[in-house]
Amino acid sequence: MSLLVVGLSHRSAPVSVLERAALNADAQIKLLQDTVAAEPATEAAVLATCNRIELYADVDKFHAGVAEVSTLLAQHSGVGLEELTPYLYVHYEDRAVHHLFSVACGLDSMVVGEGQILGQIKDSLAKAQDVHSAGRLLNDLFQQALRVGKRAHSETGIDRAGQSLVTFGLEQLSDGQAVEQWARSKKALVIGAGSMSSLAAATLARAGVAEIVVANRTPDRAERLAQILAEGDDTDVLARAVPMESVPVELTRADLVVSCTGATGLVLTAEAVAAAVEGRSGAAVAESGSVSPSGGDSGPTAVAAAGRDDLPPTSLGTEEGCPLDLPAVQQATAGFSVLGEAAVAGMAAADLEQHAAWVDNGVTRQQTSAPAGAVTVLDPAEEADVIAALAAAAAAVGRVPERRRPEPVAEIPRPEPTLFLLDLAMPRDIDAAVHRLVGVRLMDIESLAEASADAPMAADVDQVRRIVADEVAAFGAALRAAHITPTVVALRTMAADVVANEIARLDGRLPGLDDKHRAEITQTVKRVVDKLLHAPTVRVKQLAAEPGGAGYADALRTLFDLDPETVAAVSRADRADDEPENSKNRGPA
């Protein structure tokens, strides 16, 4: 059997795919059951967080295992296999162990070093134990991953580099200001009462918010969390619980909203957020580039229109008989100066020829000191090359090319946000369209991922990586040594059977042998067998702990002609012996 992990995370897939592939609790249980029921896998565990979905399995065939596990992951996530496959990663044996240990230490987290993942790994193991999908391999692996993660946090300063997504999200919302200073006296609304929401509420309470309102679909959990916050020794915050139906009203009072529920649909729509901001400010909320509350344009188009009023004066098109429709040109080139070549930019080739003929037949004006804003019409003979080039370009594309860059368009300054939202759910709780609302700032998993890409790495990360490498080597050695144990036990069992058979033959040949001599002969034969087997069994265990050591178990079975069924029976017996210990670990973390 070999360890296999197939998954996707914030490092391999966009948030939109992670959001669609998210597994609720029931889907995770069904995935575990279907995986162990499939032929290639005998054990399974699912690690599902807000930014990763991974399926761990003990399989007997690599290629068949990858195909089966990938298919099951696609089926239960609801994302088609063809669409999901480009975002999947596969790790096998030692690489799979290295991956989980790195995840446990926070090295693979969106915010490097965060310790929240340890609780999520513990929950994943408990879930697999509850449905009996975790056997010896995955129990040992996940238990060791928890120990490695704790060691990394206790022996290094990785905590200085890492922080929870809650803290990181609040730092992004505060935009460089200290979170404690920024959050002080704010009114916060926390939607959800699970582990992430509880962490957010506790973080906000320590940061000094004036009030925390907890909304949850299960009122008892909201009441419990609010009570814990209100009675906290290290905080002084007003806390109360409200039903989910009160969220629209509470939105009009809140300065900060943190949402992390297990809902499959949106909890807050853009319309609901816009209505809440309008309710607190008394003014309509507009999207960037939309119509302002007063009814006038507020987007780039409005700026461009305002720019047309400031265009310099021109004499072009004012003379009698000029075929150029100046107002139309101004309309087509909003925000451009219509002096020079830009005056005829966008004209059809036929119109250009008509205009050129009019200029050619007109009176040439040479102005040495033209009045401000006036255009000098040059002699076409002197500009033959330029006109020929323009005519060639017009013939090629059908229109006169624009050779002047557009003037810069002023951006509309966005007002300072009055409502801050932090969405830590996957799939998301808050409509992404909220990003476009004026007066609102939203940080969700996608924007947090972009922000964390530039986050600095702590020097302790290298030390954690060394710890992970050492622990992977130790776990692999122990796993390989354990792999050969059933073969060694089967060999010694066979030797004991040989001794017992030979003593029985001796009894038949020497029926008068007294008990004292018989016991001495039996003991002597056992010592001889033990001494003959001691060196090879000890040595084969040492060799098996090294990379590639699994072959020594095969060699031992071949040399001593051990029955594979006997070895398998010993292995099954070992698993049965472990069952009481494993059962102690079952249940919620």
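Details of the structure are given in the entry above.
Residues numbered from 1 in each chain as written. Predicted model: local features only at pLDDT ≥ 70, side-chain atom pairs only at ≥ 80, totals over all residues. Heavy atoms only, no water.

(A) Here's a closer look at the overall build of the protein chain. The helix and strand tally for the protein chain stands at 23 helices and 10 strands. Of all 589 residues assigned to the protein chain, the portion counted as buried reaches 43%. Taken as a whole, the protein chain presents about 30000 Å² of accessible surface, with 53% of it coming from carbon and sulfur. (Helix = DSSP H or I, 4+ residues; strand = E, 2+ residues; numbered from the N terminus. Buried < 20%, exposed > 50% of the residue type's maximum accessible area, 1.4 Å probe, protein only. Areas by Shrake-Rupley, 256 points an atom, 1.4 Å probe, with all protein chains shown as cover.)

(B) Up close: helix 20 (residues 460–509). Between its terminal C-alpha atoms helix 20 stretches 73 Å, which fits the 74 Å expected from 50 residues at 1.5 Å a residue. Remark: the principal bend of helix 20, roughly 30 degrees, maps to T485, with a proline, P486, within the next four residues. (Expected span 1.5 Å × (residues − 1). Bend = angle between axes of the 7 residues up to and from the residue.)

(C) Layout of the packing of aromatic side chains. Summed over the entire model, instances satisfying the criterion amount to four aromatic pairs. Plain terms: the ring middles of Y56 and F142 are 5.4 Å apart, the flat faces sit at 80 degrees to each other, and that makes the pair edge-to-face. Of the two residues, Y56 is situated in strand 3 (residues 52–59) and F142 in helix 7 (residues 136–155); the sequence distance between them amounts to 86 residues. Each member of the pair, Y56 as well as F142, carries the same accessibility label: buried. (Phe/Tyr/Trp six-rings, centres within 6.5 Å; stacked < 30°, edge-to-face > 60°.)

(D) Main features of the packing of helix 5 (residues 94–104) against helix 7. With their axes 8 Å apart at the nearest point, helix 5 and helix 7 run at an angle of 45 degrees to one another. As far as their axial angle goes, helix 7 and helix 5 are oblique. The handedness of the crossing between helix 5 and helix 7 is right-handed. In contact with V97, L100, F101 and A104 of helix 5, helix 7 contributes L141, F142, Q144, A145, V148 and G149. Classifying every residue of the contact of helix 5 with helix 7 gives eight nonpolar, two polar and no charged. (Axes fitted to C-alpha atoms, helices over the stretch in contact; angles between N-to-C directions. Parallel < 35°, antiparallel > 145°, perpendicular 65-115°, else oblique. Left-handed = near helix turned anticlockwise from the far one by under 90°. Contact = heavy atoms within 4.5 Å. Nonpolar A, V, L, I, M, F, W, Y, C, P; charged D, E, K, R; others polar.)

(E) Quick peek at the packing of helix 9 (residues 165–174) against helix 11 (residues 195–207). Axis separation between helix 9 and helix 11 bottoms out at 9 Å; the angle between their running directions is 55 degrees. Here helix 9 lies oblique to helix 11, going by the angle between them. In the packing of helix 9 onto helix 11, the handedness of the crossing is right-handed. Across the interface between the two elements, V166, T167 and L170 from helix 9 touch M196, L199, A200, T203 and L204 from helix 11. For the contact of helix 9 with helix 11, the residue count by class is six nonpolar, two polar and no charged.

(F) Representation of helix 19 (residues 445–452) in the model. When helix 19 is considered as a whole, its buried residues turn out to be I445, S447, L448 and S452. Looking straight down helix 19, one finds that the buried residues subtend no more than 160 degrees of arc, so they occupy a single side. (Arc of directions from axis to C-beta.)

(G) Region of interest: the layout of surface pockets. In this structure, the largest pocket occupies an estimated 1400 Å³ of space. Forming the walls of the largest pocket are 45 residues, and the residues nearest its centre are Q28, A48, S195, T261 and G262. The set of elements that each furnish at least two residues to the lining of the largest pocket consists of helix 1 (15–21), helix 2 (25–37), strand 2 (41–49), helix 6 (116–130) and helix 11. The dominant element in the lining of the largest pocket, judged by the number of residues it contributes, is helix 6, at eight residues. Within the lining of the largest pocket, the residues separate by chemical class into 21 nonpolar, 17 polar and seven charged. (1 Å grid on protein atoms, 1.4 Å probe; cavity = no way out; pocket = protein on both sides within 12 Å on 5 of 7 lines; lining within 4 Å. Points joined across faces, edges and corners; volume = space filled by probe spheres on them.)

(H) Spatial organisation of empty space enclosed by the protein. By the definition in use, this model includes two cavities of 30 Å³ or more. Surrounding the largest cavity, 14 residues form its lining, C50, N51, E114, Q120 and L165 being those nearest its centre. The greatest single-element share of the lining of the largest cavity, amounting to three residues, is contributed by helix 6. For the lining of the largest cavity, the per-class residue count stands at seven nonpolar, five polar and two charged. When its volume is computed, the second largest cavity comes out at roughly 30 Å³.

(I) Just the nonpolar core, in detail. Counting residues in hydrophobic clusters, the biggest one holds 99 residues, and the most contacted among them are F101, I121, L141, F142, L204, I212 and L424. By residue number, the principal contributor to this core is helix 7, which donates eight residues. Every residue in contact with F142, bar those within four places of it in the chain, is listed here: A45, Y56, L100, I121, S124 and L125. Ranked by size, the runner-up nonpolar core spans 26 residues in total, among them L189, V242, V257 and A274. (Core = buried A, V, L, I, M, F, W, Y, C linked by side-chain atoms within 4.5 Å.)

(J) Spatial organisation of the pattern of salt bridges. A complete count under the given rule lists 19 salt bridges for this structure. The salt bridge partner of E211 is R240, with a shortest N-O separation of 2.9 Å. On the criterion of sequence distance, the pair formed by E211 in strand 6 (residues 211–215) and R240 in strand 7 (residues 238–242) is long-range, its members being 29 residues apart. We classify E211 as buried; its relative accessible area is 10%. Of the charged contacts, one joins R465 and D462 as a salt bridge, the two residues approaching to 3.5 Å between their closest N and O atoms. Taken as a pair, R465 and D462 lie in helix 20 at a separation of three residues, close to a single helical turn. For R465, a relative accessible area of 45% puts it in the partly exposed group. What emerges from the salt-bridge pattern is a single network uniting R11, R52, E54 and D108. (Salt bridge = Lys/Arg side-chain N within 4 Å of Asp/Glu carboxyl O.)

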